[in-house]
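Survey of secondary and tertiary structure
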Amino acid sequence: MEQEIRTLFWQDGAVVMIDQRALPLAERQVICTDYHEVIAAIKDLTVRGAPAIGVAAALGIALGARRIEAPTSAAFLNAFEEICRQFAATRPTARNLFWAIERMSRCVAEALQARLPKPKGLASGISFVEIMSPSAPARPAEKEEGDSWQPVRETLVAEAVRIGDEDVAINRRLGRNGSELIPEGSRILTHCNAGALATAGYGTALGVLRAAREAGKAIHVYVDETRPVLQGARLTAWELMREGIPCTLITDNMAGFLMRQGKIDLVITGADRIAANGDAANKIGTYALAVLARAHDIPFLIAAPLSTIDPALPDGDAIPIEERDPGEVTHCGGVRIAPEGIDVYNPAFDMTPHALITAIVTEAGILRSPFAEAIEKLSPSSSTD
Ligand code: MRU
C-alpha cells in the first residue's frame, strides 16, 4: 500500500500543504511562511474540503500569531482577532473553518490569561474578559508584556498541530463506525472528494471506504467527476487509484442511469455543514444524488466529524452557500468552453434535506432519524475523546 497521505502540516515554522490544484498531473507542495499565503491557498483551492480548511486556518492563525508584536495583552488579542476575521472571510460554507477559529480563539484567551501575573489586589476568580475590557484600568505589568509572547505563540502552534492530529484520529474512528454500513461486495457512488485530501488525512466518506477495505471487504467505487472543479475526477480518482481501491470514473449526469441499471448499492458523501435537524450542505450535485437515491431505494449516507455540525442553525436553509467565480463554469482545465459574455450561476454547494439522508456517520457513532434528537444528544466531549 502507498504511503499514507498527510494533506497539510506544520514544519520548521511554515505551513506545508499538498497543492490540490495541480493533482493528479503533478504532485507538489506549497510552503506558506506568511499567514496571507494560507488565506490565499484556502481561497484558490490549493487546500480544500471542510476539515482540511479548518486545519489550514488553525495552522495559518498560529503562523500569523508568530509575527504579532504588541505592547499589551489587549493589543495582542486585537491583532489576533484581526487575523481570525481574515480567515473567517475565506469560505463561508465550511463549518469546520469557524469551529477551528473558535478553538484557536479559546486557546489564545487561555494562554493570555495564564501569563497574567496573579494580581495581589484583585479578587480571585476575576475573569480574563474583565481584565481585557477597554474600561479596565491599565496595569503596570502590561508595559513589559511585549517582550514575552513566545510562550503564547508556542501554545498556539501546539494547538493548531493538535487540531490536525486529532482530525486524522477522528476520521479513523468515524471510518471504523461507518464501515459497518458497507456490505461485502458493495458498489458505492461518491461525489466530490471527501478523502484524505479534504481532511488532514484518511478522509471522511473515503475514510469509511478505507476502513471497509481494512476490514477485508471487497468494494467498487463509482466516482462522480464533480463539475465544475472536478474534485472527483482529479482528487478522488487519484486517491483511490493510489491505494489500489477498485474504482470507475463517471460524469455527474450518468449517476441516475447507473442506479437504474442496478449498479449502485449505496451512496456516500461528506458534508461541509450540517444543521441541527440533520440537513446537510455538501458539494453542488449532492442533493440531486440524494433525490435519485431515494427514487431508486438506495441508502444515502453522509460521513462527517462532529466539528461539521452547526447546532446553532435550525435547518439547512440557514446554511450560507458560497458562490464562486464564473470562470469555474465557463472554463475547464483552463480552456474556455462557453461563449464570451454568457451569464453564469456558480453555487459551490447545495443542501440535502435530512429526510433524504439514511444515516450520518460521525466519530461518536451513527446518527439516524430523527436527526434533531440524535444531534441534540451529542455531548461536546464526544468530539475530543
Ligand atoms: O469546494 P470544496 O472542494 O472545498 O468542497 C468540498 C466538499 O464539498 C466535499 O464534498 C466534502 O464532502 C466536504 S469535506 C470532507
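Below is a summary of the structure that appears in this document. (Residues numbered from 1 in each chain as written. Predicted model: local features only at pLDDT ≥ 70, side-chain atom pairs only at ≥ 80, totals over all residues. Heavy atoms only, no water.)

**Some thoughts on the packing of aromatic side chains**
Counted by the stated rule, this structure contains two aromatic pairs. Relative to Phe87, the ring of Tyr35 has its centre 6.2 Å away and its plane inclined at 35 degrees; by these criteria the two rings are tilted. With Tyr35 in helix H1 (residues 35–43) and Phe87 in helix H3 (residues 73–88), this pair connects stretches of sequence that are 52 residues apart. Note on accessibility: Tyr35 and Phe87 belong to one class, buried. Across the ring face of Phe349, the terminal group of Lys283 is positioned such that the distance to the ring centre comes to 4.2 Å. (Phe/Tyr/Trp six-rings, centres within 6.5 Å; stacked < 30°, edge-to-face > 60°. Helix = DSSP H or I, 4+ residues; strand = E, 2+ residues; numbered from the N terminus. Buried < 20%, exposed > 50% of the residue type's maximum accessible area, 1.4 Å probe, protein only. Lys NZ or Arg CZ within 6 Å of the ring centre and 35° of its normal.)

**A few points about the nonpolar core**
Counting residues in each nonpolar core, the largest one holds 48 residues, and the members touching the most others are Val38, Phe80, Phe87, Met104 and Leu156. At the level of elements, strand E1 (8–11), strand E2 (14–18), H1, helix H2 (50–65), H3, helix H4 (95–115) and helix H6 (150–179) are the ones that each hand at least two residues to this core. It is H2 that contributes the most residues to this core, twelve residues altogether. In this structure Met104 touches Ala58, Ile61, Ala62, Phe80, Leu156, Glu159, Ala160 and Ile163, once residues within four positions along its chain are discounted. Ranked by size, the runner-up nonpolar core spans 27 residues in total, among them Ala271, Ile309, Ile357 and Ala374. (Core = buried A, V, L, I, M, F, W, Y, C linked by side-chain atoms within 4.5 Å. Contact = heavy atoms within 4.5 Å.)

**Quick notes on the environment of Thr248**
Within the secondary structure layout, Thr248 lies in strand E6 (residues 247–250). Ignoring sequence-local partners within four residues, the contact set of Thr248 consists of His220, Val221, Tyr222 and Val223.

**Things to note about the sheet that holds strand E14 (residues 349–352)**
Spatially, E11-E8-E9-E14 is the arrangement adopted by the four strands of the open sheet, whose pairing is mixed. Both outer strands of the open sheet, strand E11 (309–310) and E14, are each paired with one neighbouring strand and no more. Pairing geometry for strand E9 (residues 280–283) and E14, over four bridges, is antiparallel. Residue pairing across strands places Ala281 opposite Met351, the latter belonging to E14. (Pairing = 2+ DSSP bridges.)

**Observations concerning the environment of Arg162**
Residue placement: Arg162 occurs in helix H6. Overall, Arg162 belongs to the partly exposed group, its relative accessible area being 39%.

**Description of the sheet that holds E2**
In spatial order, the strands read E1-E2-E3; together these three strands make up an open sheet with antiparallel pairing. Every interior strand has two partners, whereas the edge strands, E1 and strand E3 (29–32), have only one. The average undirected angle you get between the axes of adjacent strands in this sheet is 25 degrees. One ladder, built from four bridges, connects E2 with E3; its direction is antiparallel. Residue pairing for E3: Ile18 is matched across the bridge by Gln29. In the packing of H2 onto the sheet, the strands contacted are E1, E2 and E3, and the crossing angle to E1 comes to about 20 degrees. (Axes fitted to C-alpha atoms, helices over the stretch in contact; angles between N-to-C directions.)

**A few points about the site of the ligand**
If you check the shell around the ligand, you find 17 residues, and the closest are Arg48, Arg91, Asp272, Asn282 and Lys283. One of the side-chain N or O atoms of Arg91 is found 2.8 Å from an oxygen atom in the ligand. Side-chain polar atom of Lys283 to an oxygen atom of the ligand: 2.7 Å apart, as the coordinates give it. Look at the ligand: alone it shows 410 Å² of surface, and the protein chains cover 99% of it. Taken together, the elements giving at least two residues each to the shell around the ligand come down to H2 and E9. (Near = heavy atom within 4 Å. Polar contact = N/O pair within 3.5 Å; in protein donor to acceptor, adjacent residues only side chain to side chain. Areas by Shrake-Rupley, 256 points an atom, 1.4 Å probe, with all protein chains shown as cover.)

**Observations regarding the packing of H3 against H4**
With their axes 11 Å apart at the nearest point, H3 and H4 run at an angle of 170 degrees to one another. By the angle between their axes, H3 is roughly antiparallel relative to H4. Taking contact as the criterion, the partners of Ser73, Phe76, Leu77, Phe80, Cys84, Phe87 and Ala88 in H3 are, on H4, Leu97, Phe98, Ile101, Met104, Ser105, Val108, Leu112 and Arg115. For the contact of H3 with H4, the residue count by class is twelve nonpolar, two polar and one charged. (Parallel < 35°, antiparallel > 145°, perpendicular 65-115°, else oblique. Nonpolar A, V, L, I, M, F, W, Y, C, P; charged D, E, K, R; others polar.)

**A closer look at the pairing of strand E5 (residues 219–224)**
When you tally the buried positions in E5, you get five out of six residues, the bulk of the element. Where strand E4 (residues 186–190) and E5 come together, five bridges link them in parallel fashion. Note that in E5 the partner of Thr190 across the bridge is Val223. You can see the chain leave E4, run along helix H7 (residues 205–214) and come back into E5, and the turn it takes is right-handed. Strand direction decides the pairing type here: E5 and E6, joined by four bridges, are parallel. Bridge pairing in E6 links Asp224 to Ile250. For the handedness criterion, the β-α-β arrangement of E5, helix H8 (residues 231–242) and E6 is classed as right-handed. (Right-handed = clockwise from strand over helix to strand, strands pointing away.)

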